[in-house]
Amino acid sequence: MDSERLSYVCHVVAMPYPGQGHINPMMNFCKLLVSRKNDILITFVVTEEWLGFIGSDPKPDNIRFSSIPNVIPSDKLKSLSFNGFYEAVITKMGAPFEQLLDRLQPPVNAIIGDIEIFSPIRIANQRNIPVASFWTMSASFFSMLYRYELCAQNQPSRLTLLEHEDSIPGISSAEVDDLRIIIRRDDPRMLELALDCISNVQNSQYLLFNSVYELEHQVIDALKLKYPFHVDTIGPAIPYVDLNSNSYEADYLQWLDKQTKNSVLYISLGSFLTVPKSQMDEILAGLRKSGVRFLWVARDETTRLNELIGDDRIGCVVEWCDQLKVSGVVSKLTASTSSQKSR
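Residues numbered from 1 in each chain as written. Predicted model: local features only at pLDDT ≥ 70, side-chain atom pairs only at ≥ 80, totals over all residues. Heavy atoms only, no water.

So what exactly am I meant to see when it comes to the overall build of the protein chain here?
Helix and strand counts for the protein chain come out as 15 helices and eleven strands. When each of the 343 residues of the protein chain is scored for burial, the buried share is 47%. Residue pairs at least 24 apart in sequence account for 66% of intrachain contacts in the protein chain once pairs closer than 6 positions are excluded. (Helix = DSSP H or I, 4+ residues; strand = E, 2+ residues; numbered from the N terminus. Buried < 20%, exposed > 50% of the residue type's maximum accessible area, 1.4 Å probe, protein only. Contact = heavy atoms within 4.5 Å.)

Below, the structure is given as structure tokens:
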């Protein structure tokens, strides 16, 4: 492997925010990069916990994993105190990341950092390494936060606008209402940290959106006028390069293929918030009463729900599924209830 590394002309370090909805698009983007230029080596940096989650996932040879210690709360507990988790990500991941950079070989030529981590931009600037800021959500949402940050600079506190203003220049009333939902009034620290991350983008050399230019061209064009560096869309960063792999077909896909057309309801409750057992039981009762067949991604509740279903195989309950492949069997799905975004 050492001899192979000598042939790489560029070593890129990618550091995603430690959440599935951030790790997946950044990994997919990295796969796209190496598929187009095979002399790039990418070191994909995650916590030790996340390395345990994804370390065995298939990937190209020129993408390698590297880990930093678990200096943040466990991913399994973050929904109990997301504010504390978010602050730990921003304030505690920088030091071990910098120590890791000191050990990496070959020397790092570029860094791709999730905007919501903050430290990769600072560290890259200190080391004179080009850095690209990576935003996994829509460009429109980024633009809304960017415009809010500009307006809040002249306020006693960044929370003042949300508390006292119904009209903010450059932000529609509907967007203000959305911000009030996203940033609850009892979370001033959360707002401060998020806007610090947005403000920090100006110190990078590239801004990359997991979006499609044609869908948000007005927002993208406006942001290109605001920043003196490259602003580009790279999306959708989905693993479509793996869709043609037929090496293994999971049991739930085989089950889905046996169902009649327009007969299956797909249910996915995401990977962030925990749904109480009582609500899961209500969903199951509703499914039984309706008589509809279903594919349900239920995570930790999978075993218990399968026991409740017993021999009455009206549906298939799994801990995890490949959503892209499942959604590809569109003719088998009558509807879907999903919450895919995870932080």
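Text resumes after the structure shown.
Whenever I open this one, the nonpolar core confuses me. Can you help?
One broad rule of soluble globular proteins: the nonpolar side chains tend to lie buried together. Grouped together as the largest cluster of nonpolar side chains are 56 residues, with contacts concentrated most on Y86, I111, W135, F142, L207, F209 and Y227. By residue number, the principal contributor to this core is helix 7 (residues 139–152), which donates eight residues. Those residues within four positions of Y227 in sequence are excluded, and the remaining contacts are F142, Y146, I198, V201, Q202 and L207. Counting residues in each nonpolar core, the second largest holds 23 residues, with M27, F29, I40 and I42 among its members. (Core = buried A, V, L, I, M, F, W, Y, C linked by side-chain atoms within 4.5 Å.)

Even after reading the chapter, I still don't get unusual backbone geometry, so can you show me in this structure?
Where the residue is not glycine, phi is negative for most of them; where a peptide bond is considered, it is trans in most cases. With an omega dihedral of -5°, the bond running from Q105 to P106 counts as a cis peptide bond. If you trace the backbone, P106 turns up in the loop between helix 5 (94–103) and strand 4 (110–114). Although it is not a glycine, N128 sits at a positive phi angle of roughly 55°. Examined against the element boundaries, N128 turns out to sit in the loop between helix 6 (119–126) and strand 5 (131–135). We note that N262 has phi near 55°; this positive angle belongs to a residue other than glycine.

Can you help me understand the packing of helix 7 against helix 11 (residues 217–226) in this one?
Relative placement of two packed helices is described by the angle separating their axes and the distance separating the axes. Across the interface, helix 7 lies against helix 11 with an axial gap of 10 Å and an inter-helix angle of 45°. As the angle between them shows, helix 7 and helix 11 are arranged oblique. By crossing handedness, the relation of helix 7 to helix 11 is classed as left-handed. Two secondary-structure elements touch here, helix 7 through A139, S140, F142, S143 and Y146 and helix 11 through V219, I220, L223 and K226. When its residues are assigned to classes, the contact of helix 7 with helix 11 shows six nonpolar, two polar and one charged. (Axes fitted to C-alpha atoms, helices over the stretch in contact; angles between N-to-C directions. Parallel < 35°, antiparallel > 145°, perpendicular 65-115°, else oblique. Left-handed = near helix turned anticlockwise from the far one by under 90°. Nonpolar A, V, L, I, M, F, W, Y, C, P; charged D, E, K, R; others polar.)

What is the right way to read helix 14 (residues 302–309) from this model?
Spacing of three or four residues puts side chains on the same side of an α-helix, whose turn is 3.6 residues. Listed in full, the buried residues belonging to helix 14 are T302, L305 and I309. All buried residues of helix 14 fall inside an arc of 70° around its axis, so they share one side. In helix 14, those exposed residues whose orientation departs by more than 90 degrees from the buried face are T303 and E307. Those residues of helix 14 that are buried lie in contact with helix 13 (277–290), strand 9 (293–297) and strand 10 (315–318). Positive backbone phi, approximately 65°, marks G310, located one or two places after helix 14. (Arc of directions from axis to C-beta.)

Which parts of the structure should I look at to understand the sheet that holds strand 2 (residues 40–47)?
Two modes of strand pairing occur in sheets, parallel and antiparallel, and in both the strands are linked by backbone hydrogen bonds. Judged by pairing direction, the sheet is parallel, and its seven strands sit side by side in the order 3-2-1-4-5-6-7 without closing on themselves. Edge positions in the open sheet fall to strand 3 (63–68) and strand 7 (230–233), since each of these has one partner strand only. Taking the axes of each pair of neighbouring strands and ignoring which way they run, one obtains an average angle of 20° across the sheet. One ladder, built from four bridges, connects strand 5 with strand 6 (residues 206–209); its direction is parallel. Bridging from a neighbouring strand, F134 pairs with L208 of strand 6. Taken strand by strand, helix 2 (residues 20–36) contacts strand 1 (10–15), strand 2, strand 3, strand 4, strand 5 and strand 6, and its axis lies near 170° from that of strand 2. (Pairing = 2+ DSSP bridges.)

So what exactly am I meant to see when it comes to the pattern of salt bridges here?
Side-chain pairs of opposite charge can arise where the charged atoms are in close proximity. Taken as a whole and judged by the stated rule, the model has seven salt bridges. Residue D75 pairs with K78 through a salt bridge whose shortest N-O separation is 2.9 Å. Assigned by exposure class, D75 and K78 land together as buried. We note a salt bridge from E301 to R304, for which the minimum N-O separation is 2.5 Å. Connected via shared salt-bridge partners are E98, D102 and R127. (Salt bridge = Lys/Arg side-chain N within 4 Å of Asp/Glu carboxyl O.)

Before we go on, may I ask you to explain the confidence of the model for the protein chain in this structure?
Parts of the prediction with low pLDDT should not have their coordinates interpreted in detail. Predicted confidence across the protein chain gives a mean pLDDT of 85, with 86% of residues reaching 70 or more. Low pLDDT (under 50) marks residues 1–5, which in the prediction has four contacts with non-local residues, meaning those over four places away or in another chain. Predicted confidence for residues 338–343 stays below pLDDT 50, and this span has 26 contacts to residues more than four positions away or in other chains. (pLDDT = per-residue confidence, 0-100.)

Just to check I follow, could you spell out the packing of aromatic side chains for this structure?
Where two aromatic rings form a pair, the distance of their centres and the angle of their planes describe that pair. Counted under the stated rule, the structure contains 14 aromatic pairs. Ring geometry for F82 against Y86: centres 5.8 Å apart, planes inclined by 35°, an arrangement best described as tilted. Linking F82 with Y86, this pair stays in helix 4 (residues 82–92), spanning four residues, or about one helical turn. Between F142 and F209, the aromatic rings sit 5.3 Å apart at their centres with planes inclined by 75°, giving edge-to-face as the arrangement. Here F209 lies in strand 6 and F142 lies in helix 7, a separation of 67 residues in the sequence. Just as F142 is buried, F209 falls in that class too. Ring pairing ties together the aromatic residues W135, F141, F142, Y146, F209, Y227 and F229, which thus form one cluster. (Phe/Tyr/Trp six-rings, centres within 6.5 Å; stacked < 30°, edge-to-face > 60°.)

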